[in-house]
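Below, each chain spelled out in residue letters.
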Amino acid sequence: MGVTGISINLERESGVFYAGEVVRGTVSFTVNSSSVTCRGYQIHLRGRSHVHWHTGSGDNRTDYDGTTSFQDQRFTLHGNNYKTGVIDNAGEDAYFKKVQGSGVILIPCDDRDLGRMELIVRVMDEDFGKRDDLLGELVIDAANLARSGQMQSFPLNRNGKPEKGQVIMSAKMMPFSSIFPTNTASTTGMAVSRVALKDQCLVLTVHSATGLRRADWGGRNDVYVQCYRPPPTKEMVAGKKLPGPDKKTVLPEGTTTYPFAFQLRNDAPGSAEIPVGDRAYVRYDLYAHASFANWRDPSSRRTISVIPNRPTPKLELLSPAEHSTPFSPLYGCSCCGMKCCKEDGMVSTSLTIDRRSYAPGEKVVIGGKVVNETKKDLPVTVVLRQYIMLHTAGHASTQSRKDFILSQGLVSAGGDLDVASLSPCVMPHVFP
């Protein structure tokens, strides 16, 4: 295809970010010919969680899957085809605030676009394995929309005639350098190519597309919004379908480096690989590719790690707690749940904890007493038990648990143990 290399470089080489931070870096594409064309270069940040487990085996096996997308942003680095994220199963009404950043389209531009910037906007239904369906389209002056400083509603047309539905958008112009890193040679090791530098950037936000026609008779619309500058080689004719985007963008020969920036949501769930079921995870991926409309598009993927912002604990979780177990019999053994031996004696516990909310690495202050009225020494273990529940969209669920041993000791026969005398308990780094 002529694209021989794609490299994603981050300003923070570790690839570890806190929720709410901006992920900045560069993407470099290497092309070995001056005649290579495609739809353009894109980079995509996606955050999602996925679970899968099964029950039974063979003909009696049942599989369960669940996926949630909580961040979906795309940026066109080179070319004239810009898109929002996809709102799956939106049906007739798509609200882009459901997924962080999914409705934001960044379009680098020049100072001359501050006066007038004409864009064709299309609302589309994404279909796997076949051409996407056009739900409606319109033409806007994005510079005028930005100057208004307001959200505006636009009616849709299709094939030059009024169509069901409307799209609500807002826009603003910002200096290119205020959004994207431009001096990246020292931070990513790659300098941004001159061809990738612009004066301004249009931030077009699609808030919703509602009242849409139904394109899929066997399902619900998977909605995204596409926008592009009118192709100079194609004329817009009143009462006719608007021209589509140019699908043959010439790629610059050699290695070209483009900047990118994605804002993580403030409440982003933390990255996690969860050992429950067949697979369960929370992942954030950067995906850069050259779009040839081919499932074998040249691409590069890089996974980043996100550390969540923990909310301030509720006041009731910061107060002490206590729990007591009255004297209960202890049996020498049991068989099939039946106490088949005589009692060894009685045991009781009285425990206190300084609070009920902790961060990993904090000391857990536990007090109280264990009383042993049996005739043998008994082990005492302080355990943190974690319960993990996986859910699917169909409301199926499965549960697992894991124990973390915090401290251990021994209470003598006929004696008692001061729990505070055990080795210090430290809250482990549990996931997610």
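With respect to the overall build of the chain
Move 1: Regarding its fold elements, the chain presents two helices and 28 strands.
Move 2: By the compact-globule yardstick of 22 Å for 432 residues, the chain is too spread out, its C-alpha radius of gyration being 29 Å.
Move 3: Along the longest, intermediate and shortest principal axes, the C-alpha atoms of the chain span 95 × 55 × 45 Å.
Move 4: By the burial criterion, 44% of the 432 residues in the chain qualify as buried.
Move 5: When contacts within the chain are restricted to residue pairs at least 6 apart in sequence, long-range pairs at least 24 apart make up 69% of them.
Move 6: As presented, the chain carries roughly 23200 Å² of accessible surface, and 49% of it is formed by carbon and sulfur atoms.
Move 7: Mean positive and mean negative side-chain charge positions of the chain (50 and 44 charges, respectively) differ by 3 Å.

Digging into the environment of Gly15
Move 1: Structurally, Gly15 is set in the loop between strand 1 (3-10) and strand 2 (16-18).
Move 2: Expressed as a C-alpha distance, the spacing of Gly15 and Pro360, which sit 345 residues apart in the sequence, is 21 Å.
Move 3: For Gly15, the residues in contact, after removing those within four places along its chain, are Leu10, Arg302, Ile304 and Ser305.

Re the packing of aromatic side chains
Move 1: A full pass over the atoms with the stated rule returns eight aromatic pairs.
Move 2: When the centroid spacing of 6.2 Å and the interplanar angle of 75 degrees are considered together, the rings of Phe29 and Tyr258 count as edge-to-face. Note that Phe29 is positioned in strand 3 (residues 22-31) and Tyr258 in strand 17 (residues 254-263), a separation of 229 residues in sequence. Both residues of the pair, Phe29 and Tyr258, count as buried.
Move 3: Arranged with centres 5.9 Å apart and planes meeting at 40 degrees, the rings of Phe260 and Phe262 form a pair that is tilted.
Move 4: Owing to a relative accessible area of 0%, Phe260 belongs among the buried residues under this scheme.
Move 5: Put simply, the rings of Phe29, Tyr41 and Tyr258 touch in pairs and so form one group of aromatic residues.
Move 6: Sitting over the face of the ring of Tyr281, Arg283 holds its NZ or CZ atom 3.6 Å from the ring centroid.

Focus on the sheet that holds strand 21 (residues 321-331)
Move 1: Taken together, four strands build an open sheet; the order of strands is 21-22-24-27 and the sheet is antiparallel. Pairing within the sheet leaves two strands with one partner each, and these edge strands are strand 21 and strand 27 (416-418). Averaged over all neighbouring strand pairs, the angle between strand axes comes to 10 degrees, with direction disregarded.
Move 2: Relative to strand 22 (residues 343-353), strand 21 runs antiparallel, the two being bridged by nine bridges. Counted as the bridge partner of Pro329 is Met346 from strand 22.

About the criteria used
- Residues numbered from 1 in each chain as written.
- Predicted model: local features only at pLDDT ≥ 70, side-chain atom pairs only at ≥ 80, totals over all residues.
- Heavy atoms only, no water.
- Helix = DSSP H or I, 4+ residues; strand = E, 2+ residues; numbered from the N terminus.
- Rg over C-alpha atoms; globule rule 2.2 N^0.38 Å.
- Buried < 20%, exposed > 50% of the residue type's maximum accessible area, 1.4 Å probe, protein only.
- Contact = heavy atoms within 4.5 Å.
- Areas by Shrake-Rupley, 256 points an atom, 1.4 Å probe, with all protein chains shown as cover.
- Lys, Arg positive; Asp, Glu negative; His and termini not counted.
- Charge placed at Lys NZ, Arg CZ, Asp CG, Glu CD.
- Phe/Tyr/Trp six-rings, centres within 6.5 Å; stacked < 30°, edge-to-face > 60°.
- Lys NZ or Arg CZ within 6 Å of the ring centre and 35° of its normal.
- Pairing = 2+ DSSP bridges.
- Axes fitted to C-alpha atoms, helices over the stretch in contact; angles between N-to-C directions.

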